[in-house]
Every structure is written in structure tokens, then in C-alpha cells.
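Single-letter residue listing:
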Amino acid sequence: MKNFSTRARLNVIFGVITVLILAFGLFLISKSTRSRMMVRLIYATDAANYAVCAAINAEMRYATTSQKKDFDSFTYFLDSTQRSLDAALESCRSIGEEGGKEFIQELNTQLGGLRQSEKALVEKMEDDARIGDRVMDAFLALLADMRKFDVIASEIAVGLSTGNDLYQQFTANNDIDALEKAYTLYHQLAGAATQPIVAQRLEALSESEKELHAHAISMVEVKKRLTAQADELSNSLDKATMYFADQYRVDYTIVMSYTITILIIVIVFSILISQYTASSITKVLKQGVKQMEVCANGNFSIQIPERLLQRSDEFGNLARAIATMMQQVRKAIEDVKKGALNVADAS
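Residues numbered from 1 in each chain as written. Predicted model: local features only at pLDDT ≥ 70, side-chain atom pairs only at ≥ 80, totals over all residues. Heavy atoms only, no water.

**Some words on the overall build of the protein chain**
Reasoning step 1: Within the protein chain one finds eight helices and zero strands.
Reasoning step 2: Scanning the protein chain from its N terminus toward the C terminus, one meets helices and strands in the order α-α-α-α-α-α-α-α.
Reasoning step 3: Whereas a compact globule of 347 residues would reach a radius of gyration of roughly 20 Å, the protein chain reaches 49 Å, over 25% beyond that.
Reasoning step 4: Each of the three principal axes of the protein chain carries a C-alpha extent, and together these read 180 × 25 × 20 Å.
Reasoning step 5: Within the protein chain, the proportion of its 347 residues that are buried is 37%.
Reasoning step 6: In the protein chain, of all internal contacts separated by at least 6 residues, the share reaching a separation of at least 24 is 73%.
Reasoning step 7: When the accessible surface of the protein chain is summed, it comes to about 20,400 Å², and 59% of that surface belongs to carbon and sulfur atoms.
Reasoning step 8: Put simply, the protein chain has 38 plus and 42 minus side-chain charges, and the middle of one group is 19 Å from the middle of the other. (Helix = DSSP H or I, 4+ residues; strand = E, 2+ residues; numbered from the N terminus. Rg over C-alpha atoms; globule rule 2.2 N^0.38 Å. Buried < 20%, exposed > 50% of the residue type's maximum accessible area, 1.4 Å probe, protein only. Contact = heavy atoms within 4.5 Å. Areas by Shrake-Rupley, 256 points an atom, 1.4 Å probe, with all protein chains shown as cover. Lys, Arg positive; Asp, Glu negative; His and termini not counted. Charge placed at Lys NZ, Arg CZ, Asp CG, Glu CD.)

**Describing the packing of helix H4 (residues 154-173) against helix H5 (residues 176-192)**
Axis angle and axis distance: for two packed helices, these are the angle between their axes and the distance between the axes, and together they describe the pair.
Reasoning step 1: It is at 8 Å that the axes of H4 and H5 come closest, and there the two elements cross at 160 degrees. In terms of their interaxial angle, H4 and H5 are classed as roughly antiparallel. H5 is crossed by H4, and the crossing has left-handed handedness. Seen from H4, the contacting residues are Glu155, Ile156, Gly159, Leu160, Thr162, Gly163, Asn164, Leu166, Tyr167, Gln169 and Phe170; seen from H5, they are Ile176, Ala178, Leu179, Lys181, Ala182, Leu185, Tyr186, Leu189 and Ala192.
Reasoning step 2: Among the residues making up the contact of H4 with H5, the classes are represented as 13 nonpolar, five polar and two charged. (Axes fitted to C-alpha atoms, helices over the stretch in contact; angles between N-to-C directions. Parallel < 35°, antiparallel > 145°, perpendicular 65-115°, else oblique. Left-handed = near helix turned anticlockwise from the far one by under 90°. Nonpolar A, V, L, I, M, F, W, Y, C, P; charged D, E, K, R; others polar.)

**Let's talk about the packing of aromatic side chains**
Reasoning step 1: Here the structure, examined in full by the defined rule, presents five aromatic pairs.
Reasoning step 2: Measuring from ring centre to ring centre gives 5.4 Å for Tyr76 and Phe77, while their planes differ by 70 degrees; the resulting arrangement is edge-to-face.
Reasoning step 3: Considering the side-chain rings of Tyr167 and Phe170, the 6.3 Å spacing of their centres and the 45 degrees angle between planes classify their relative orientation as tilted. Separated by three residues within a single helix, Tyr167 and Phe170 lie in helix H4, roughly one turn from each other. Note on accessibility: Tyr167 and Phe170 belong to one class, buried.
Reasoning step 4: Three or more aromatic residues link up through ring pairs in this structure, and these residues are Phe103, Tyr243 and Phe244. (Phe/Tyr/Trp six-rings, centres within 6.5 Å; stacked < 30°, edge-to-face > 60°.)

**As for the pattern of salt bridges**
Reasoning step 1: Under the criterion given, the structure shown has nine salt bridges.
Reasoning step 2: Note that Glu98 and Lys101 form a salt bridge whose closest N and O atoms lie 3.4 Å from each other. Placement of both Glu98 and Lys101 in helix H3 (residues 98-146) is noted, with a separation of three residues, approximately one turn of the helix.
Reasoning step 3: Residue Glu98 is classed as partly exposed on the basis of its relative accessible area of 44%.
Reasoning step 4: Among the salt bridges present, the one from Asp145 reaches Lys148, with a minimum N-O distance of 3.2 Å.
Reasoning step 5: Assessed through its relative accessible area of 7%, Asp145 is described here as buried.
Reasoning step 6: Owing to a relative accessible area of 63%, Lys148 belongs among the exposed residues under this scheme. (Salt bridge = Lys/Arg side-chain N within 4 Å of Asp/Glu carboxyl O.)

**A few points about a nonpolar patch on the surface**
Reasoning step 1: A contiguous nonpolar surface patch, about 370 Å² in accessible area, is contributed by Val39, Tyr248, Tyr252 and Met256.
Reasoning step 2: For the nonpolar patch, the element with the most residues is helix H6 (residues 196-296), which contributes three residues. (Patch = residues over 30% accessible without salt bridge, like charges linked within 9 Å, V, L, I, M, F, W, Y side chains within 5 Å.)

**Focus: the confidence of the model for the protein chain**
Reasoning step 1: With 94% of its residues at a pLDDT of at least 70, the protein chain reaches an overall mean of 83.
Reasoning step 2: Confidence, read as mean pLDDT per element, is least for helix H7 (residues 306-309) in the protein chain (71) and greatest for H5 (91). (pLDDT = per-residue confidence, 0-100.)

**Side note on the environment of Ser206**
Reasoning step 1: Checked against the element boundaries, Ser206 lands in helix H6.
Reasoning step 2: Residue classification places Ser206 among the buried residues on the basis of a relative accessible area of 2%.
Reasoning step 3: Placed 42 residues apart in sequence, Ser206 and Asn164 show a C-alpha to C-alpha distance of 11 Å.
Reasoning step 4: Residues contacting Ser206, with those up to four places away along its chain left out, are Tyr183, Tyr186 and His187.

**Focus on H3**
Reasoning step 1: Taking 1.5 Å of rise per residue, 49 residues should cover 72 Å, and H3 covers 72 Å from first to last C-alpha, within 8% of that figure.
Reasoning step 2: At the N-terminal end of H3, a side-chain oxygen is found 3.2 Å from the backbone nitrogen of Gly100, two or three residues along, and the residue is Glu97. (Expected span 1.5 Å × (residues − 1). Polar contact = N/O pair within 3.5 Å; in protein donor to acceptor, adjacent residues only side chain to side chain.)

**Here's the deal with the environment of Ala51**
Reasoning step 1: In this fold, Ala51 is placed in helix H1 (residues 6-65).
Reasoning step 2: Along the sequence, Ala51 and Gln82 sit 31 residues apart, while their C-alpha atoms lie 9.3 Å from each other.
Reasoning step 3: Here Ala51 is in contact with Phe77, Ser80 and Thr81, once residues within four sequence places are set aside.

**Some words on the environment of Gln169**
Reasoning step 1: Inspection of the secondary structure puts Gln169 in helix H4.
Reasoning step 2: Classification of Gln169 as partly exposed rests on a relative accessible area of 34%.
Reasoning step 3: For the pair Gln169 and Leu179, spaced ten residues apart in sequence, the C-alpha separation works out to 7.9 Å.
Reasoning step 4: Here Gln169 is in contact with Asn174, Asp175 and Ala178, once residues within four sequence places are set aside.
Reasoning step 5: Polar contacts involving the side chain of Gln169 include one to the side chain of Asp175, which spans 2.9 Å.

Below, the structure is given as C-alpha cells:
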């Protein structure tokens, strides 16, 4: 920078400071974008977790009431979970968050398993309705055949009433043990019945309820699997939320660290540059003032340092101007002396 003018030097200094500030600003913008994405990821995983919990509640209601609106709610909340995970995955890709992307992909896999259990639940509920219809048909057929007889053994009548109560207990409370007792009782009554058609109908009713019992056990397994998968997914979503929260805190710490570091660098750099600039300017000015003071005392024979004369900035121009002035003054003094000597010689 020796060949630069003072103004050019100041422009370069302030340009460097400006570049540093702009670079730091761009860094802050990139980090703030990442931080905003982390906040979105936290929100997305929380929303997905809420949707999973709501889906399980709807599934429980559907398994109990078999109402379509409950199943529609179950499907809606699972779809909502999928939308939240898709949005989270897109956010991870946009900021290059590989760890978060692996988390979301694992969550998608778990959600896929939950959707498969959803399909299994639907199939089981449809089978449950068909088997329930067969039980009802077998019971109505038994009653129709029993009406054909004038006398029915009290044991059969009482047992049929007891079995029906047990079946109603199953349908009301999903009491599988009550259903097992009912089909066992019907099987025993079939063996005790004296009318062949009644025995046949009782055995058919026993077999249909036995099938319903086996189906109810498998339904319980499906529900357990659904609940376990939902709990696993919910726990994984909690971990994902904590992961993104930790990443947000790390980014915040990095931004604060860089902010403090850059501010310290800029302040120190500004102080050093200002001191250097002020020192270089005042040093040259002091030299120039000293030269002028010497000249003011009538001494025009001093030599200005060659280093100062070779400067290409304003101070070099000033030094050369002073040197030229001193040279001109010395010449004028020499001319005056010569003239005086000529006058003295002539007289």
C-alpha cells in the first residue's frame, strides 16, 4: 500500500471492514435460515406426535363401536402424520440435515408398519361383522326350530338364556372369557339335547361362537400390535423432536460464538488500523511541520529524507513541494548574494 494515496488507503481499510461485515451478515442469514428450519422441524415432529396419539384414540373407539366416523378419524390422523413427516423430510433436504433425514426416514418406516396394521384392523373388523352375522343367524335358526316343539327341556331353555347373556356380555364389554363360556355351554347343551335338530342347531351355534372367539383373540393381537407400534412411533417422534431442539441450540451457540468472535476481530482490527493510520499521518505531518519550522528560522539547507520524497501519496507531494520551495528560496538567496557582490565590486 506504499504506492497508494492516503484516501486510497482509507478506502481499502474501510472496504476490508465492509467485506468482513457483509461476510458475517451472509453467515448470519444462512444460520438464521437453518434455525428457522429447525423450528419448523420441531413443530412438524410435535404435530406428527399429536396426530399419532389422536389416531390411536380414534382406533380404540372404532374397535369398540365399529362406527365408520371413528375409522375415518383414525385414517385422517395417520394421513396428517404422514404429511407432517413429508414436510419434515423436505426441510431436512433443503438444509442438508443428514442426521435429521435419517431420523425422518426411520419414522416413515415405522409409520408404514402402522399403516399395515391399519389395513389388518379393517380386515379383522370386516371379518368380525361377518362372523357376528353367522352367530346371529345360527341363534335365530335355533329359536325357529325350538318353536316347532311343544316341550323343551328346562335345562336347554335355561342354558340357552345363560349362553345368550354371556354373549351379550362379550358384545358389550368385549369379554372374551364370557364368549368362551358361551360356546362351551352350547356344546354341552348340544350333547344333552334330545331333539336331533335342536342338538344340531346348538352345535352350529357353538361352532360359530367358537370361531368368533378365535377371531376375537386375533383381534386383540392386532390391537396390541397397533398400540405397540403407535407407542414406538410416538417415542421415536419425541426423540426426533429432542434431536432437532438440540441442533437448534447448537446452531444458536455457534451463531453467538461467531458473533462475539467477529465483533472482537472487527473492533481490534479497527483499533489497530486507526492507530496505524493516525500514526503514519501524524508522523509525516510532524516531519513536514519540522521542516517548515527550520525554514522559518532561515535555514533552507536541510535535506528532506529521501524516503519521504519517494512517497506517492499526498504527503510525498507535500514533501516534494517543500523541497522545491527550499530549492527556489536558496536560489533566490544566491541570486541576491551575487547581486550584492556585483554592486560592491562596482563601487
